[in-house]
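# A look at the structure
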Amino acid sequence: MSTLSPGLRPSADRPVPPEPRASARSGSRIAGAPEPRAGRFRGAAARLTPADRAVLWIYLLTRISLWITAHFARWLFPARPGTREATPVLASFQRWDANHYLHIARDGYFPAGAGPWTSGWDNREAFFPGYPFLLRAVHTVVPDWTVAGLLISFVAGAVAVLALARIARTYLPEGAAGRRTAALFLLSPCAVFLAVGYTEALFLAFALPAWLAAVRHRWALAAVLTALATTVRVSGLFLAAAIALLFVLTAREKRDRRSWRAAGWTLLPALPPAAYSWYLHVYTGDWMAWKHAQERGWYRTFHTPWEAWANTWNGAFGHTQTTGYALMFQAELAAMLVGLALVAVLLYRRRWPEALYVALSLWALGTSYWYTSIPRATLLWWPLWIGLAALSLRRPWFRTAYLSVAAPVTTLVALTFLTGRWAG
């Protein structure tokens with residue numbers, strides 16, 4: 001379990017809560033950035049410019065840095081203290097949620113008739129099928145499951161960071177905008193999850209190009225990419241809502257009836273989650289089986305936002321958890337405050353679609369018994385990284401301050417994940 005909450009984790013490795021008590025405009029600026037410039041969208045989308053190649057070099061260097069860290073971590077923190085041998089090379093990357101995805105890809109959702117009715121069930125239906133399906137497909141070519149997962153994340157991460165840099169360059173006039181956004185993103189506290197067998201990289205590889213296509217008013221392409229994102233994470237539905245709002249605002253601004261002809265595309269992203277719910281219903285008789293699996297396994301039953309805040313605060317500062325978990329809950333609270341501040345800035349800048357996307361994410365994560373996975377969710381908030389890049393380009397001291405804080409936290413989170421150790 002990472003210090004910054006890697007998220008869903010096996011039920012044997014999580015704190016147990018106490019018994020509950022009775023109880024306008026679509027085109028305005030982001031984080032001070034100027035209006036997007038339409039000319040930036042012209043040209044072949046697949047062509048790599050020098051700016052694109054610079055971003056990919058940053059991406060490659062950060063991946064090499066992580067692999068070096070993993071190599072030394074397996075020697076410094078062996079699985080058995082006092083041993084003279086390091087842990088296996090790939091063991092560092094197969095932790096927590098990665099095991100759930102592996103089990104789904106290898107055995108399916110309901111192997112040998114097992115399911116929620118089985119004692120000791122791991123609630124695997126809580127995880128959407130897009131990543132496990134792709135993992136199984138890649139495994140037909142790459143025999144090792146862990147290597148297959150790392151390959152998916154490596155390629156998807158490259159696509160995601162390239163799309164993020166291109167989005168940033170449409171909003172920020174500075175020539176270094178793309179590189180700065182990518183660097184801040186790749187050095188963020190939870191960036192390790194972009195490189196391991198988790199869904200963040202794959203989701204962003206669909207979601208960020210989808211947003212770029214939507215800003216270009218290529219609604220069909222945006223809908224297809226968003227539909228693919230909804231196969232990976234429920235966050236894809238939040239993206240679909242944001243793109244639908246962007247479509248409505250754009251169509252109203254054009255005041256042309258022909259602009260509404262593409263409205264049907266905004267409904268396409270709902271099909272994959274609906275199909276997954278139908279599949280689970282066939283096996284379990286429950287249309288919301290994935291949600292109920294999260295409730296059983298990770299206490300994601302609905303609570304009001306103030307109840308969730310109070311329960312998380314109690315876990316962070318109430319001396320009810322061990323030190324490691326208390327630190328995790330402190331990180332959850334900090335990430336929630338960052339998210340709320342981001343929504344406030346987006347609303348102030350009249351960036352309604354982006355504000356809707358982040359707000360829906362916060363609502364989903366902030367209405368459980370206590371907060372879980374909010375630090376990881378920051379990776380999915382692309383307006384955050386563009387806004388921080390804008391601030392760092394105009395206030396050089398901010399870059400130094402950010403790196404001074406982020407570097408040790410990022411290293412701590414990476415070591416925690418790679419070693420599988422949790423400060424209890």
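These numbers come from a predicted model, not from an experiment.

## Topic: the overall build of the chain
Per the secondary structure count, the chain includes 16 helices and zero strands. Accessible surface for the chain amounts to roughly 19300 Å². Of this, 65% is attributable to carbon and sulfur atoms.

## A look at the packing of aromatic side chains
Enumeration over the complete set of coordinates arrives at 33 aromatic pairs. A centroid spacing of 5.7 Å and a plane angle of 40° characterise the contact between Tyr 59 and Phe 154, whose relative ring orientation is tilted. Taken together, the positions of Tyr 59 in helix H1 (residues 50-76) and Phe 154 in helix H4 (residues 145-171) put the pair 95 residues apart, joining distant regions of the chain. By relative accessible area, which is 29% here, Phe 154 ends up partly exposed. An angle of 45° between the planes, with centres 6.5 Å apart, marks the rings of Tyr 109 and Phe 110 as tilted. Phe 110 gets classed as buried once you look at its relative accessible area, which sits at 12%. An aromatic cluster of at least three residues, connected via ring pairs, comprises Tyr 109, Phe 110, Trp 117, Trp 121, Phe 128, Tyr 276, Tyr 279, Tyr 283 and Trp 290.

## Topic: the nonpolar core
Residues Phe 185, Phe 193, Trp 211, Tyr 357, Trp 381 and Trp 382 are the most contacted members of the largest nonpolar core, which totals 121 residues. If we skip the residues at most four places from it in the chain, Phe 185 touches Val 161, Leu 164, Ala 191, Leu 194, Leu 204, Leu 379 and Trp 385.

## Structural notes on the packing of helix H12 (residues 323-348) against helix H13 (residues 352-365)
Two numbers describe how H12 lies on H13: the axes approach to 8 Å, and their chain directions differ by 160°. Relative to H13, the element H12 lies roughly antiparallel. For the element pair H12 and H13, the recorded crossing hand is left-handed. Contacts from Met 336, Gly 339, Leu 340, Leu 342, Val 343, Leu 346 and Leu 347 of H12 reach H13 at Trp 352, Glu 354, Ala 355, Val 358, Ala 359 and Leu 362. In terms of residue class, the contact of H12 with H13 is built from eleven nonpolar, one polar and one charged.

## Quick look at the layout of surface pockets
In this structure, the largest pocket encloses a volume near 640 Å³. Surrounding the largest pocket, 28 residues form its lining, Val 234, Trp 290, Gln 294, Arg 300 and Leu 365 being those nearest its centre. Going through the elements one at a time, helix H2 (97-107), helix H8 (235-254), helix H10 (289-298), H13 and helix H14 (374-377) are the ones with two or more residues in the lining of the largest pocket. Ranked by residue count, the leading element in the lining of the largest pocket is H13, at four residues. Here the lining of the largest pocket is composed, by residue class, of 15 nonpolar, eight polar and five charged.

## Considering H1
End to end, H1 covers 39 Å across 27 residues, agreeing with the expected 39 Å (1.5 Å per residue, within 8%). Along H1, the residues that are buried comprise Asp 52, Val 55, Tyr 59, Thr 62, Arg 63, Leu 66, Ala 70, Ala 73 and Arg 74. Elements in contact with the buried residues of H1: H4, helix H5 (177-186) and helix H16 (396-419).

## Quick notes on unusual backbone geometry
The backbone phi angle of Arg 350 is positive, close to 60°, even though this residue is not glycine. Here Arg 350 lies in the loop between H12 and H13. Of note, Ser 373 is a non-glycine position whose phi angle comes to about 80°, a positive value. You can call Ser 373 buried: its relative accessible area is 9%.

## Describing the pattern of salt bridges
Taken as a whole, this structure holds eleven salt bridges when the rule is applied. Glu 200 serves as the salt-bridge partner of Arg 376, at 2.6 Å between the closest nitrogen and oxygen. Of the two residues, Arg 376 sits in helix H14 while Glu 200 sits in helix H6 (residues 200-215), which places them 176 residues apart along the sequence. Among the residues examined, Arg 376 registers a relative accessible area of 4% and is labelled buried. The buried category is assigned to Glu 200, whose relative accessible area is 0%. Each of Asp 97, Glu 200, Arg 233 and Arg 376 takes part in one network of salt bridges that share partners.

## Brief notes about the packing of helix H7 (residues 219-230) against H8
Two elements in contact, H7 and H8, have axes separated by 8 Å at closest approach and are oriented at 165°. When the interaxial angle is binned, H7 and H8 end up roughly antiparallel. In this structure, the crossing between H7 and H8 has a hand that is left-handed. Listed contacts from H8 to Trp 219, Ala 222, Thr 226, Ala 229 and Thr 230 of H7 are Gly 236, Leu 237, Leu 239, Ala 240, Ile 243, Leu 246, Phe 247 and Thr 250. Its residues assigned to classes, the contact of H7 with H8 comprises nine nonpolar, four polar and no charged.

So, how was this worked out
For every chain, the first residue of the written sequence is number 1, and numbering continues from 1 along that sequence. With the structure being a predicted model, the display of local features is reserved for residues of pLDDT at least 70 and the display and counting of side-chain atom pairs for 80 or more, all residues being used for whole-chain, interface and lining totals. The side-chain values count all of the structure's non-hydrogen atoms but skip hydrogen atoms and water molecules. Working definition: helices are DSSP H or I runs of at least four residues, strands are E runs of at least two. Numbering for both runs from the N terminus. For accessible areas, the Shrake-Rupley method is used with a probe of radius 1.4 Å. Any residue's cover is judged against the shown protein chains and nothing else. For Phe, Tyr and Trp, rings pair up if their centres lie within 6.5 Å, where Trp contributes its six-membered ring, and each pair is then called stacked (planes under 30 degrees apart), edge-to-face (over 60) or tilted (otherwise). Each residue's exposure class comes from its accessible area (1.4 Å probe, protein chains only) as a fraction of the maximum for that residue type: buried when under 20%, exposed when over 50%, partly exposed otherwise. The definition of a nonpolar core used throughout is a set of buried Ala, Val, Leu, Ile, Met, Phe, Trp, Tyr and Cys residues joined through side-chain atoms within 4.5 Å. In this analysis, two residues are considered to be in contact whenever any of their non-hydrogen atoms come within 4.5 Å of each other. Lines fitted to C-alpha atoms define the axes here, with helix axes fitted over just the stretch in contact, and angles between the N-to-C directions of these axes take values from 0 to 180 degrees. Oblique is the label for every angle not falling under 35 degrees (roughly parallel), over 145 degrees (roughly antiparallel), or within 65 to 115 degrees (roughly perpendicular). Helix crossings fall into two classes, left-handed where the near helix is turned counterclockwise from the far one by less than a right angle and right-handed where it is turned clockwise. Charged means Asp, Glu, Lys or Arg here, nonpolar means Ala, Val, Leu, Ile, Met, Phe, Trp, Tyr, Cys or Pro, and polar covers whatever is left, Gly included. Site definitions follow a grid-based scheme: protein atoms alone, a 1 Å grid, a 1.4 Å probe that fits but cannot get out for cavities, and for pockets an open set with protein on both sides within 12 Å along at least five of seven lines, plus lining residues having an atom within 4 Å of a point. Grid points are joined across faces, edges and corners, and a volume is the space filled by probe spheres set on the points. For a helix, the expected span equals 1.5 Å multiplied by the residue count minus one. Any Lys or Arg side-chain nitrogen located within 4 Å of an Asp or Glu carboxyl oxygen qualifies as a salt bridge.

Keep in mind that these numbers describe shape and distance, not what the molecule does.
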